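Residue-level listing of the chains:
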Amino acid sequence: MNKHLLSAADLSRDDAVAILDTAAELSRVTDRAVKKLPTLRGRTVVNLFFEDSTRTRISFEAAAKRLSADVITFSAKGSSVSKGESLKDTALTLEAMGADAVIVRHGASGAPHRLAHSGWIDGVVVNAGDGTHEHPTQALLDAYTLRHHLAGGTGALEGRRVVIVGDVLHSRVARSNVLLLHTLGAEVTLVAPPTLMPVGVDTWPCTVSYDLDEALPGADAVMMLRVQAERMNAAYFPTSNEYSRRYGLDVRRAGLLAHDGIVLHPGPMNRGMEITAEVADGPRSVIVEQVTNGVHVRMAVLYLLLGAAEVDTAVAHEEAGE
Ligand code: NCD
């Protein structure tokens, strides 16, 4: 496995499977009343968030704490970044504090890469979302959720059909998912209005469609993307009603999925826009589970990147009350 986790493309099939299997092991710990493992005791994990986040930030924090790491959470608002401090000076400060891992979310695509390869810090860098580029741990938690539902938890995703729908242009979730799901053998179809499909998408390892009703029938899963209004500097579609009508997921459309097909969304959702409340809260939805799975997957990433001992041993010790 690479030292850092910057892109889903950093992960070989074996790496990805190792993370997903470790996450499944670690989920046994978090299902218990006492949720902690001593594995990362004495290590420092810094959450460096230059962009807003609820789920991802809390999830990494919970993951690091459940492994007994010391966690420092840094959000750009209320820090010296709002006084104009650069990424470099912020990084040097973190290094001086002895960060073993830096989890970074940044509005600029490539910022985690810069941090990892600049020589400013020694620690491991994990990309928690950079601009419109990548969000590898989101893809891992989505793959974990898909494996759990579609392949009985440990099986492969070979030949499973996953449809990813919506604002692909601004979505780091879509790019990371396409890369990882392809690595794991799934067949991915991207669906979006032409204005929200990125240039060069034809080189991605997936198929592309502009018609949701055509792409959904028989699919094993559909992943709805948020319409990212904050990244839109122009009008990409006529009205939100028109968008929902053509690209929104309602009960009728969800019914086109395979019999046991599931519905995912990374959150936060625009209910009524890309997904109706009925579907978001309905029987096919695994959206809340995705959040729970995010903690397990991020525990596994920290665990493996920070070079902890065998997970089985740690779990066994914990179970023996040591
Ligand atoms: C995603 C993100 O921030 O890229 N959300 C998340 O991490 N849970 C998707 C989004 O913001 O729409």
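Nothing here was measured: the structure is a model prediction, and the numbers come from that model.

Thresholds applied
- Residues numbered from 1 in each chain as written.
- Predicted model: local features only at pLDDT ≥ 70, side-chain atom pairs only at ≥ 80, totals over all residues.
- Heavy atoms only, no water.
- Helix = DSSP H or I, 4+ residues; strand = E, 2+ residues; numbered from the N terminus.
- Buried < 20%, exposed > 50% of the residue type's maximum accessible area, 1.4 Å probe, protein only.
- Polar contact = N/O pair within 3.5 Å; in protein donor to acceptor, adjacent residues only side chain to side chain.
- Pairing = 2+ DSSP bridges.
- Axes fitted to C-alpha atoms, helices over the stretch in contact; angles between N-to-C directions.
- Expected span 1.5 Å × (residues − 1).
- Bend = angle between axes of the 7 residues up to and from the residue.
- Near = heavy atom within 4 Å.
- Areas by Shrake-Rupley, 256 points an atom, 1.4 Å probe, with all protein chains shown as cover.
- Domains from an automatic or database assignment.
- Contact = heavy atoms within 4.5 Å.
- Buried area = accessible area lost by both parts, 1.4 Å probe.
- Salt bridge = Lys/Arg side-chain N within 4 Å of Asp/Glu carboxyl O.

Caption draft 1: The environment of Arg147, seen in detail. Looking at where Arg147 falls in the secondary structure, it is placed in helix α5 (residues 136–150). A relative accessible area of 5% means that Arg147 is categorised as buried. Here the side chain of Arg147 touches Asp21 through a polar contact of 2.7 Å, side chain to side chain.

Caption draft 2: Representation of the sheet that holds strand β5 (residues 161–165) within the structure. Strand order in the open sheet formed by five strands is β7-β6-β5-β8-β9, and the pairing between neighbours is parallel. The sheet terminates laterally at β7 (207–209) and β9 (262–264), the two strands that pair on one side only. Mean inter-strand twist for the sheet, computed between neighbouring axes without regard to direction, equals 20 degrees. Sheet topology places β5 next to strand β6 (residues 187–191); five bridges connect them, and they run parallel.

Caption draft 3: Looking closely at helix α11 (residues 287–305). For α11, built from 19 residues, the straight-helix expectation of 27 Å at 1.5 Å per residue is met to within 8% by its first-to-last C-alpha distance of 27 Å. Maximal helix bending in α11 amounts to about 25 degrees, located at Asn293. By the criterion of burial, α11 is predominantly enclosed, with 14 of the 19 residues buried. Once α11 finishes, Gly307 follows within two positions and takes phi at roughly 65 degrees, a positive value.

Caption draft 4: A look at helix α1 (residues 13–30). Between its terminal C-alpha atoms α1 stretches 26 Å, which fits the 26 Å expected from 18 residues at 1.5 Å a residue. Within α1 the residues assigned to the buried category are Asp15, Ala16, Ile19, Leu20, Thr22, Ala23, Leu26, Ser27, Val29 and Thr30.

Caption draft 5: Fine view of the site of the ligand. Inspection of the region around the ligand gives Thr56, Arg105, His135, Gln138, Arg172, Val173, Arg226, Gln228, Pro266, Gly267 and Pro268 as its neighbouring residues. Taking Thr56, its side chain carries an N or O atom lying 3.0 Å from an oxygen atom of the ligand. Arg105 is positioned with one of its side-chain polar atoms (N or O) 3.1 Å from an oxygen atom of the ligand. Within the complex, 93% of the 320 Å² of free accessible area of the ligand lies under protein.

Caption draft 6: Just the sheet that holds strand β2 (residues 70–75), in detail. Within the open sheet, the four strands sit side by side as β2-β1-β3-β4. Their pairing is parallel. Among the strands making up the open sheet, the edge pair consists of β2 and β4 (124–130). This sheet shows a mean twist of 15 degrees between the axes of neighbouring strands, independent of strand direction.

Caption draft 7: Geometry of the domain arrangement of the protein chain. According to the domain assignment, the protein chain consists of domain 1 (8–133 + 291–319) and domain 2 (136–289). Between the C-alpha centres of domain 1 and domain 2 there is a distance of 25 Å. Taken together, the contact between domain 1 and domain 2 spans 33 residues of the former and 29 residues of the latter. Of the roughly 2,500 Å² buried between domain 1 and domain 2, counting both surfaces, carbon and sulfur atoms make up 56%. Where domain 1 packs against domain 2, one counts four salt bridges. The closest approach of N and O atoms between Arg172 and Glu51, which form a salt bridge, is 3.0 Å. At the boundary of domain 1 and domain 2, one finds 14 residue pairs in polar contact (both at pLDDT 80 or more). Looking at the side of domain 1 that touches domain 2, the element that brings in the most residues is α1, giving nine residues.

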